[in-house]
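# Observations on the three-dimensional arrangement
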Amino acid sequence: MAFEPTAIKAVSASVTPAPGVRNVPEVVKLIDVSSCIGCKACEVACQEWNDLPANVNRPFFGSYQTVPDLDWNFWQLIKFNEIQRDGRLIWTLTKYQCMHCGDPGCLRACPAPGAIVQYANGIVDFVQENCIGCGFCITGCPFDVPRLSPTTGKVYKCTLCSDRVSAGLEPACVKACPTKCLSFGTRDQMLAQASYRVEQLKANGYDKAAVYNPPGVGGTHAVYVLPYGDSPEIYGLPRDPSVSFVDVWKGGLRWLGNVVIFGGIIGAILHYLRFGPRRVPAEEPVEAGAAPRPTEPVPGDGGNG
Amino acid sequence: MAVRERRRVLVRRYSLFERVVHWAVAITFVYLMLSGLALFWPPFFWFAHVLGGPALVRIVHPYVGIAFIVALLVMLGIWAKDMVLDRLDIEWLKAVPRYATGQEEGVPESGRFNAGQKLLFYTQIVAGILLLLSGIVLWFPMQFTAGLRQASFIIHDLMAIIAIGALIVHIYMGLFYIRGSLQGMVEGVVSRAWARAHHGRWYRQVEGTSAVITEEAHD
Ligand code: HEM
Ligand code: SF4
């Protein structure tokens, strides 16, 4: 863990309050899709800094993308999406990684105490030490980010370089980016920079340019500037990501389950106290040698036998 | 009191095989229930520690699920013929409020199983099959689409809740309310009075066969 417990503001599967007391500003990684040139320096920096042994030597699969998808050992990926719009070909080079949601579905889905934490600065981290490998976070995440390793049985994802950030450095990907497509700073700074960039793009004819900071997940700590902001799908980003499924799963169903379990147990106890055990009186034993003379059956025994 | 020779009349209710199958279903189910509840609600998480550790429980739970479903299907095979609901069972179901409050008048006699037991049986079979199908999806989360996984979580949780609710009633009936039942599922025999009182139609079927045993007993 990169941070002190005093910086943890939310802990998975915890019924008691998180220990965080530090008052630190929230951070954001801003990704200006319009200035990405697809050089993949960020991918290399990520693999390097995190010592990830990814095997990227694979047959060509019809794209410039390094690998088809994120993996347990590949935490951020430039997606090379080829899209047609207004009769033109657009290559949306989109950096893809954990969004570090304000209301992280992964954390709420996680059943293992302390396996997912959210720091006061907004970074969401997986603590593999406490991970039990159930993969619930994969379904809780609206962005399809966490990946299970078949060898360790634990999940992994982008940490937003929580170790570097805690030491006052920017994430490795941001440091490596040669075009300033990536920037890192406090949430306020970055959101102001994002709006400024959107205005610039609009002035340059991208009238649909917009900031992607979806409210359905409580805002994110990886924020995008999208030139075609009206259709986030072309960048591989969900239009309205939300954690409403997690609400049903970890809210309604849990409630129902507890009503059935505790209601059932309490109901059984009350029934027993009121209607007691139902015993059938033993047949009057017959003495050995005597003719078997069963007593009359007692089908109507009401239970005080 | 002087020791006297006495006779008890017992009725064979469950064969050894039936008892082994039942307890295989029961033990696997209880493991699945406790390990599942550990992941369902954090205050139950300690069950996972008792069962050998949370990461281990996550690995073992699906295999026990397979064992459970195999045992459950064997149970289906051996009991399906005794579990068919008939006309008198419908009458019995209408009389449930009386049955549940200890009155006997107007409650029709049952066959080998009463209608409540039959419904429990079907509940567990249907829930078991749905738990298996949804469980396979949750076993390998990386192999299935998000929509399928979400549907599976809802189905798995709902069916588990229904099965556990049914089990609470079942344990209450078998262990506490209907005294003498447990002997049937443990030793295989029940007293003749029990058979007549709770499963009158069944008793008349086995009356006069080798299922009714007269046993010497001592005070
Ligand atoms: C661990 C707790 C359990 C206990 C103490 C228990 C006890 C019993 C007893 C005493 C009987 C005999 C009732 C009779 O002869 O009329 C019985 C029968 C039966 N049990 Fe269980 N059982 C348990 C778990 C289960 C589970 C988990 C299932 C299925 C998922 C199950 C399915 C059945 C069925 C279908 C019968 C026959 C019909 C009936 O009595 O309801 N049991 N059990
Ligand atoms: S993007 Fe997914 S993994 Fe990242 S914080 Fe949000 S829910 Fe969790």
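## A look at the domain arrangement of chain B
All names here are of chain B.
- Splitting chain B by domain gives domain 1 (15–79) and domain 2 (82–219).
- Computed over C-alpha atoms only, the centres of domain 1 and domain 2 are separated by 18 Å.
- The interface of domain 1 with domain 2 comprises 20 residues on the first partner and 26 residues on the second.
- Summed over both sides, the interface between domain 1 and domain 2 buries roughly 1,900 Å², with carbon and sulfur atoms accounting for 74% of that surface.
- Considering only the surface of domain 1 that becomes buried against domain 2, Arg-19, Phe-29 and Trp-79 emerge as the three largest contributors, covering 31% of it.
- For the interface between domain 1 and domain 2, the tally reads one salt bridge.

## Here's the deal with the site of ligand 2
- Lining the immediate surroundings of ligand 2 are 13 residues, of which A:Cys98, A:Met99, A:Cys101, A:Cys106 and A:Cys141 lie closest.
- A breakdown of the residues in the shell around ligand 2 according to their chemical character gives ten nonpolar, two polar and one charged.

## Regarding the interface of chain A and chain B
- With 54 residues of chain A at the interface, the matching set in chain B holds 46 residues.
- Buried area between chain A and chain B, summed over both chains or domains, comes out near 4,700 Å², and the portion from carbon and sulfur atoms is 66%.
- Its salt-bridge partner being B:Glu104, residue A:Arg278 comes within 2.7 Å of it at the nearest N-O pair.
- Those elements that place two or more of their residues in the side of chain A that touches chain B are helix H3 (136–140), strand E7 (147–148), helix H7 (244–275) and strand E12 (286–287) of chain A.
- Sorting elements by how many residues they give to the side of chain A that touches chain B places H7(A) first, with 18 residues.
- Residue composition of the side of chain A that touches chain B, by class: 33 nonpolar, twelve polar and nine charged.

## A few points about unusual backbone geometry
Residue and element names in this part refer to chain A.
- Phi at Asp-144 takes a positive value of approximately 55 degrees, unusual for a residue other than glycine.
- Positionally, Asp-144 belongs in the loop between H3 and E7.
- We classify Asp-144 as partly exposed; its relative accessible area is 38%.
- Non-glycine residue Leu-160 carries a positive phi angle of around 50 degrees.
- Within the fold, Leu-160 resides in the loop between strand E8 (155–156) and helix H4 (162–166).
- Classification of Leu-160 as buried rests on a relative accessible area of 1%.

## Here's the deal with the site of ligand 1
All names here are of chain B.
- Neighbouring ligand 1 are 26 residues, the closest being Arg-13, Tyr-14, His-22, Gln-117 and His-170.
- Interatomic distance of 2.8 Å between a side-chain N/O atom of Arg-13 and an oxygen atom of ligand 1.
- The separation between an oxygen atom of ligand 1 and a polar side-chain atom of Tyr-14 is 2.6 Å.
- Sorting the residues of the shell around ligand 1 by element identifies helix H1 (16–40), helix H3 (54–79), helix H6 (115–139), helix H7 (146–177) and helix H8 (181–186) as the ones contributing at least two each.
- The element contributing the most residues to the shell around ligand 1 is H1, with six residues.

## Some points on helix H1 (residues 41–49) of chain A
- Those residues of H1(A) lying buried are A:Cys42, A:Glu43, A:Ala45, A:Cys46 and A:Gln47.
- A:Asp51 sits one or two residues past H1(A) and shows a positive phi near 50 degrees.

## So, the pattern of salt bridges
All names here are of chain B.
- Overall, the coordinates contain 19 salt bridges over all chains when judged by the stated rule.
- Between Arg-112 and Asp-82 there is a salt bridge whose closest N-O contact spans 2.9 Å. Here Arg-112, found in the loop between helix H5 (96–100) and H6, pairs with Asp-82, found in the loop between H3 and helix H4 (87–94); they are 30 residues apart in sequence, far enough to count as distant.
- The buried category is assigned to Arg-112, whose relative accessible area is 13%.
- A single network of salt bridges, built from pairs that share partners, joins Glu-18, Lys-81, Asp-82 and Arg-112.

## Topic: the domain arrangement of chain A
All names here are of chain A.
- Split into domains, chain A comes out as domain 1 (5–239) and domain 2 (243–277).
- With ten residues of domain 1 at the interface, the matching set in domain 2 holds six residues.
- Note on domain 1 versus domain 2: buried area summed over both sides is about 650 Å², and carbon and sulfur give 65% of it.
- There are one salt bridge connecting domain 1 and domain 2.
- With its nearest N and O atoms 2.7 Å apart, the salt bridge here joins Arg-108 to Asp-247.
- Where domain 1 meets domain 2, there are two residue pairs in polar contact (both at pLDDT 80 or more).
- Secondary-structure elements contributing two or more residues to the side of domain 1 that touches domain 2 are helix H2 (105–109) and H3.
- For the side of domain 1 that touches domain 2, the residue count by class is four nonpolar, four polar and two charged.

Rules used throughout
- Residues numbered from 1 in each chain as written.
- Chains lettered and ligands numbered in written order.
- Predicted model: local features only at pLDDT ≥ 70, side-chain atom pairs only at ≥ 80, totals over all residues.
- Heavy atoms only, no water.
- Domains from an automatic or database assignment.
- Contact = heavy atoms within 4.5 Å.
- Buried area = accessible area lost by both parts, 1.4 Å probe.
- Salt bridge = Lys/Arg side-chain N within 4 Å of Asp/Glu carboxyl O.
- Near = heavy atom within 4 Å.
- Nonpolar A, V, L, I, M, F, W, Y, C, P; charged D, E, K, R; others polar.
- Helix = DSSP H or I, 4+ residues; strand = E, 2+ residues; numbered from the N terminus.
- Buried < 20%, exposed > 50% of the residue type's maximum accessible area, 1.4 Å probe, protein only.
- Polar contact = N/O pair within 3.5 Å; in protein donor to acceptor, adjacent residues only side chain to side chain.

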